[in-house]
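Below are the chains, spelled out letter by letter.
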Amino acid sequence: MAERTSRGIGPVILLGSPGAGKGTQAKQIVERYRIPQISTGDLLRENVQRGTPLGVAAKDFMARGEFVPDDLMYDMVAQRLRQADCERGFILDGFPRNPAQAGWLDAFLEHEFFDNPQRGKCLPIVIRIDVDYNKLLRRITGRRSCPVCGRIYNVYSQPPRVADRCDVDGSTLVTRDDDREDVIRDRLEAYELQTKPVAEYYARKGRLVSVNGDLPVNQVTDQIFQVIESHRPVASDKS
Ligand code: AP5
């Protein structure tokens, strides 16, 4: 397996509604394939916390559960994808979130990313994690995360060993500002209206694969690994 996992797998795009488990599954993919997770939500939250101009511009949109304007997203994502650790592949979690972002990403990959002979052309694997709508509220309200290592917990389904403490580093777990019930409804609505068409965009291109996200975490992970293994470039590919 070491030899297989050392080869690149190209871009992996995780789609799914708020609370579907994109962040949870991205961390499993990072561990197995050693490619970075690029969570646009995490990047934005870091910017908000540091008070950067991007963070200041994004803060109110995020607090209302609305999307941050596309032009701000493009600069942030392009800067991140240009970093050397993305060469063997990367996981996009939370991007693209509307059809315009999907079109931008395709153009970016075609004209800038695949341009580099180190990377070869490796079309994204697009995986949508489907979860029953009625389960999402409980998943989101029960979520706690570690501010230091980023590990994600759930007080109902994946509690830490000691209440409110991270199993890895003992830090006090935090609840995200936008995980309040009034904001969650707006986030779910934004997903229905703006992000669902992204799945249709990739389905039209024959690139969408869905997995059942209602199952326990490890079973969802198994499905995702199967999808990646069945789509990854063959050994003779440059990857
Ligand atoms: P973002 O941070 O991307 O949030 P999101 O898409 O709403 O997704 P979540 O992080 O809520 O859920 P997740 O799918 O990662 O679930 P998780 O693994 O944590 O975006 C936040 C905001 O940033 C947006 O509202 C917007 O304002 C802005 N933004 C971000 N990207 C943008 C973009 N591209 N354009 C414009 N604006 C953008 O799991 C949830 C919980 O469920 C956890 O507690 C977990 O332990 C539990 N769980 C996971 N899997 C399972 C399972 N199989 N069984 C039981 N429990 C499970």
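Small disclaimer: the values here were computed from a predicted structure and weren't measured.

Moving on, we get to the site of the ligand. Inspection of the region around the ligand gives 36 residues, with Thr24, Glu66, Arg97, Arg143 and Gln158 positioned closest. Arginine 187 places a polar side-chain atom, nitrogen or oxygen, 2.7 Å from an oxygen atom of the ligand. Compared with its free state, where it exposes 1,100 Å², the ligand has 96% of that area covered by protein. Here the element with the most residues in the shell around the ligand is helix 3 (residues 40–50); it accounts for four residues. Here the shell around the ligand is composed, by residue class, of 14 nonpolar, 13 polar and nine charged.

Before going further, it helps to spend a moment on the side chain of asparagine 47. Mapped onto the elements of the fold, asparagine 47 is located in helix 3. Contacts of asparagine 47, omitting those with residues within four sequence positions, involve Thr52, Leu54, Gly55 and Met76.

Once that is clear, we can look at the pairing of strand 4 (residues 125–130). Bridge count for strand 1 (residues 10–15) against strand 4 is four bridges, and the pairing is parallel. Residue pairing for strand 4: leucine 15 is matched across the bridge by arginine 128. Bridge analysis of strand 4 against strand 7 (residues 208–212) gives five bridges, and the strand direction is parallel. In the sheet register, arginine 128 faces strand 7, and the bridge partner there is serine 210.

Counted by the stated rule, this structure contains five aromatic pairs. Centroid distance tryptophan 104 to phenylalanine 108: 5.2 Å. Interplanar angle 20 degrees. Geometry classified as stacked. Placement of the pair is tryptophan 104 and phenylalanine 108 together in helix 6 (residues 99–113), with a separation of four residues, close to one helical turn. The class for phenylalanine 108 is buried, based on a relative accessible area of 7%. Above the plane of the ring of tyrosine 156 lies arginine 138, whose end atom (NZ or CZ) is 4.0 Å from the centre.

Glancing now at the environment of valine 168. Structurally, valine 168 can be placed in the loop between strand 6 (152–154) and helix 8 (181–204). For valine 168, a relative accessible area of 54% puts it in the exposed group. For the pair valine 168 and glycine 150, spaced 18 residues apart in sequence, the C-alpha to C-alpha distance is 10 Å.

Rules used in this analysis
- Residues numbered from 1 in each chain as written.
- Predicted model: local features only at pLDDT ≥ 70, side-chain atom pairs only at ≥ 80, totals over all residues.
- Heavy atoms only, no water.
- Near = heavy atom within 4 Å.
- Polar contact = N/O pair within 3.5 Å; in protein donor to acceptor, adjacent residues only side chain to side chain.
- Areas by Shrake-Rupley, 256 points an atom, 1.4 Å probe, with all protein chains shown as cover.
- Helix = DSSP H or I, 4+ residues; strand = E, 2+ residues; numbered from the N terminus.
- Nonpolar A, V, L, I, M, F, W, Y, C, P; charged D, E, K, R; others polar.
- Contact = heavy atoms within 4.5 Å.
- Pairing = 2+ DSSP bridges.
- Phe/Tyr/Trp six-rings, centres within 6.5 Å; stacked < 30°, edge-to-face > 60°.
- Buried < 20%, exposed > 50% of the residue type's maximum accessible area, 1.4 Å probe, protein only.
- Lys NZ or Arg CZ within 6 Å of the ring centre and 35° of its normal.

Remember, this is a structural readout, not a statement about activity or role.
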